[in-house]
Amino acid sequence: MFKFLNFSIKFIIVTLIILVFFTFSTLWYFSVGLPDYKKLSNYQPPISSRVYSTDNKLIAEYALEKRLFIPIKSIPDKVVNAFLSAEDKNFFSHPGIDAKGILRAIIKNIQNISQNKRLEGASTITQQVAKNFLLTNEVSMKRKVKEAILAFRIERAYTKERILELYLNQIYLGQGTYGIAAASLEYFDKSIKELDYSEAALLAALPKAPSKYNPYKYPDVAKFRRNLVLENLKDNNFISKKQLNELKDSKLNLKRRKIEIVNEANSYTEEVRRTVKNIYGFEKLYSQGLSISTPLNIDYQIQALKSLRKGIEDYDRRRGWRGPITNKINKKNWKKKIELFKLDPTLNWKIAEIISLDANGIKFKTLDKQSIQGSLLLKNIKWTIPKKKTIQDKHKIGDIIFVKEENNNWLLKQYPKVNGGIVALDPYTGDVLALVGGFNFKTSEFNRVTQAKRQPGSAFKPIVYAAALEKGFAPNSIILDAPFVESQGVGLKNWKPENYGKKFYGPTTFRKGIEYSRNLMTVRIAKILGLEEILNLSKKLNIYNEIPELLSVSLGAAETTLISLTSAYAPFVNGGKKIEPKLISRIQDRRGKTIFQEKSIKCIGCDKFINDEIILPKIENSNKRVISEETAYQMTSILQGAVERGTAKKLRSLRVPLAGKTGTTNDNYDAWFIGFSSNLVIGVYVGYDNPKSLGKFETGSKAALPIFRDFVEKSLYKEDFQEFQIPENIYLTSLNYDTGTKAAAEEKNVITEALKLKDINNIDNNNLISTNRDDKIIKFRQFY
């Protein structure tokens, strides 16, 4: 008996030694090459970067993973209790591994094997942190052992609160969301502090299988899983029996998160994204939780998009009906044709099939789930039917078309081939308040405001005239409007510019030359002034960097972007100072520290407070001056004249202080209008992406100006308009509009002219400014 007992003791000791040795050997083997758990102390999870409008509304997010980090102190008990009840009720008492949980899982899995059910795990929250942060998702015993070792180490190195914080901010909860803060917004459009136990339980139900329990796709399964979590909450004494019964009967009150005007602001936010990515790189933009503030005015942005689309559609309708998308009856591949069109949801167009037609109009049904039937009245489709043609000549049963309902009336739509852009900015700060880079962002992300380089045509002329005013010209200077010939070199034809309409008008005032956009006068001014002066001012205004020294540049023959040219008009409003267009006001990092801020205006003395003395702060504009205040106002006055009498007179009926200039290139390839009020500069461009003529008579006045007018009419109010400020050194006097000579205010054809002091004495001596001696002879010829 004694020998047996002695043997048993020795056997047990040897066995224990072997087990200890085996355990330590196993731990040592699996510990080699384990990731460094200490990096969790400095871990910063990838966070979404967000873009805000000027009134702090969220307009865009950029992220590889939808995640918002929230510290453990800000996480309410309801959420913590729900996740502990669902995932690891003994979290605050176990050392990283839950022995009771493992034993329970083993017993449960024996039953699952016998019933061919899925095996359950027994991972603690600490183990899940180890797996999610430091290991892979490989399903193997080797990974489970490594996970357990890391869990012990993590528990020794960090507090339970830090481990839980990492877990709740890292877990994947479906719908592309990571972490509880992002998931709460995605499923309920609430912050986690607003969640009740029912909602917190639903979030806690998701980590086990986010796709399987997705409440949007599988609400019944999600509700069943949520109720299991609620029962766990009751078992753990976090809620009462009465609360459990009430919560189990409650519906899944889901509410998708809405980001303000995501679609309307796509052109704007994409330009912001490109800019930030170029400055800080892809990784920082998509993972470092930047908060990007912009000067975007949402109301302006929405109206800019509507106005641009209306102008482009109006132009397209003038060009006539090009036919349906395809025909369902005659074309076998009609579905593929439809798939080519990626319509922006803000268009609110529907694809429809013509089911019948008669002399009164067209009947159709939409090709969507609703399959709405409607009618297109004859008055609304007349633009598609040429004279001496009938509805049946242009439309067939089975035609696939675009339709849109407006004011309880269905309209026929045609996808335009032409495109364009519009931009509105603050002339004092350069803040870009609205920017639309094209008709349909879904089809083309190319930005025709910032990326398209096109010839501005006559829209460039104000720069030439501003340079001339700086060098001694006056608004009443007389310039000859007559044929002009310039040699282009040996073997090349002479350059012979012409006015629109191919007419000549003889000696004409400087003012009239721009109000009526006279090419020959502009070229003569450029010749007298010298191209160098024009090019220097263009460079200062960032219109051009390098351009050929050709006189045709004065007529807008060199290419630039819409945003560059629009910004160049700002000095006319702000007293002669250059601005830089700004789409970003400020960028903050994840901790709220400002890492970028645009400052063109400073408040001197705003940080000081003196009781005894009244010292008012001063606003200082740090923008550089490029033209004098006097020249700036003279140009504004002349461009107001273009609205009153010249090429922009379609705006006159608005009866508000406006100034602007049309622009049209050779053969009507591009149409422009740049206009401004006392506090807003707006630029519009219309043209084909693959350059070709817009058509006869499709000038800046006809194709681009109506877009400007529509935007001003529908987004601004009477009180938004103020008279343009007149500098101290500008003198107003009555002059004859045609001759530029002194006239009495009561005389006919008299205007109030803005002159500099040096011009006052020359009012009656405004002789012809000539380019050569022959001009003095030509002066007396008639070209009317």
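Residues numbered from 1 in each chain as written. Predicted model: local features only at pLDDT ≥ 70, side-chain atom pairs only at ≥ 80, totals over all residues. Heavy atoms only, no water.

Caption draft 1: Expanded view of the overall build of the protein chain. Per the secondary structure count, the protein chain includes 25 helices and 25 strands. Buried residues in the protein chain amount to 51% of all 784 residues. Residue pairs in contact within the protein chain that sit at least 24 positions apart in sequence constitute 70% of those at least 6 positions apart. Just so you have it, the protein chain exposes about 40500 Å², and 51% of that area is on carbon and sulfur atoms. (Helix = DSSP H or I, 4+ residues; strand = E, 2+ residues; numbered from the N terminus. Buried < 20%, exposed > 50% of the residue type's maximum accessible area, 1.4 Å probe, protein only. Contact = heavy atoms within 4.5 Å. Areas by Shrake-Rupley, 256 points an atom, 1.4 Å probe, with all protein chains shown as cover.)

Caption draft 2: Here's a closer look at the sheet that holds strand β21 (residues 670-676). The strand order across the open sheet built from five strands is β13-β12-β22-β21-β20, with neighbouring strands paired in antiparallel fashion. The sheet is open, and its two edges are formed by β13 (432-436) and β20 (659-664), each paired on a single side. Within the sheet, the average angular offset between the axes of one strand and its neighbour, ignoring direction, is 5°. (Pairing = 2+ DSSP bridges. Axes fitted to C-alpha atoms, helices over the stretch in contact; angles between N-to-C directions.)

Caption draft 3: Highlighting the packing of aromatic side chains. For the structure on display, the rule yields 25 aromatic pairs. Judged by centre distance (5.3 Å) and plane angle (80°), the ring pair of Phe341 and Phe402 falls under edge-to-face. Here Phe341, found in the loop between α14 (334-339) and β7 (350-358), pairs with Phe402, found in strand β10 (residues 399-406); they are 61 residues apart in sequence, far enough to count as distant. We classify Phe341 as partly exposed; its relative accessible area is 30%. (Phe/Tyr/Trp six-rings, centres within 6.5 Å; stacked < 30°, edge-to-face > 60°.)

Caption draft 4: Region of interest: the pairing of strand β2 (residues 58-62). Counting buried positions along β2 yields four of five residues, so the element is predominantly enclosed. Pairing geometry for strand β1 (residues 49-52) and β2, over four bridges, is antiparallel. When the bridges of β2 are listed, Tyr52 appears paired with Leu58.

Caption draft 5: Up close: unusual backbone geometry. For Asn56, which is not glycine, the phi torsion reads 65° and is therefore positive. With respect to the helices and strands, the residue Asn56 is situated in the loop between β1 and β2. Here Asn56 falls in the exposed class, since its relative accessible area comes to 61%. With a phi close to 60°, Asn542 is a non-glycine residue in the positive phi region.

Caption draft 6: The arrangement of the sheet that holds strand β5 (residues 291-293) in detail. A sheet is described by the order of its strands in space; here five strands give the open sequence β2-β1-β5-β16-β17, paired in mixed fashion. At either end of the open sheet lies a strand with only one pairing partner, and these are β2 and β17 (594-597). Between one strand axis and the next, the sheet turns by 15° as a mean value, whatever way the strands run. Inspection of the sheet shows strand β16 (residues 586-588) paired to β17 by three bridges, in the antiparallel sense.

Caption draft 7: Structural view of the pattern of salt bridges. Under the defined criterion, the tally for this structure stands at 31 salt bridges. Across the pair Lys328 and Glu353 runs a salt bridge, and its minimum N-O distance is 3.2 Å. Here Glu353 lies in strand β7 and Lys328 lies in the loop between β6 (326-327) and α14, a separation of 25 residues in the sequence. The exposure class assigned to Glu353 is buried, which follows from its relative accessible area of 10%. Because the salt bridges share partners, they merge into one network encompassing Glu270, Glu271, Arg273 and Arg274. (Salt bridge = Lys/Arg side-chain N within 4 Å of Asp/Glu carboxyl O.)

Caption draft 8: Structural view of a positive patch on the surface. Together, Arg319, Lys417, Lys650, Lys692 and Lys702 make up a positively charged patch on the protein surface. Tracing the backbone through its elements, the reader meets Lys417 in the loop between β11 (409-413) and β12 (419-425). Judged by its relative accessible area of 57%, Lys417 is exposed. (Patch = residues over 30% accessible without salt bridge, like charges linked within 9 Å, V, L, I, M, F, W, Y side chains within 5 Å. Lys, Arg positive; Asp, Glu negative; His and termini not counted. Charge placed at Lys NZ, Arg CZ, Asp CG, Glu CD.)

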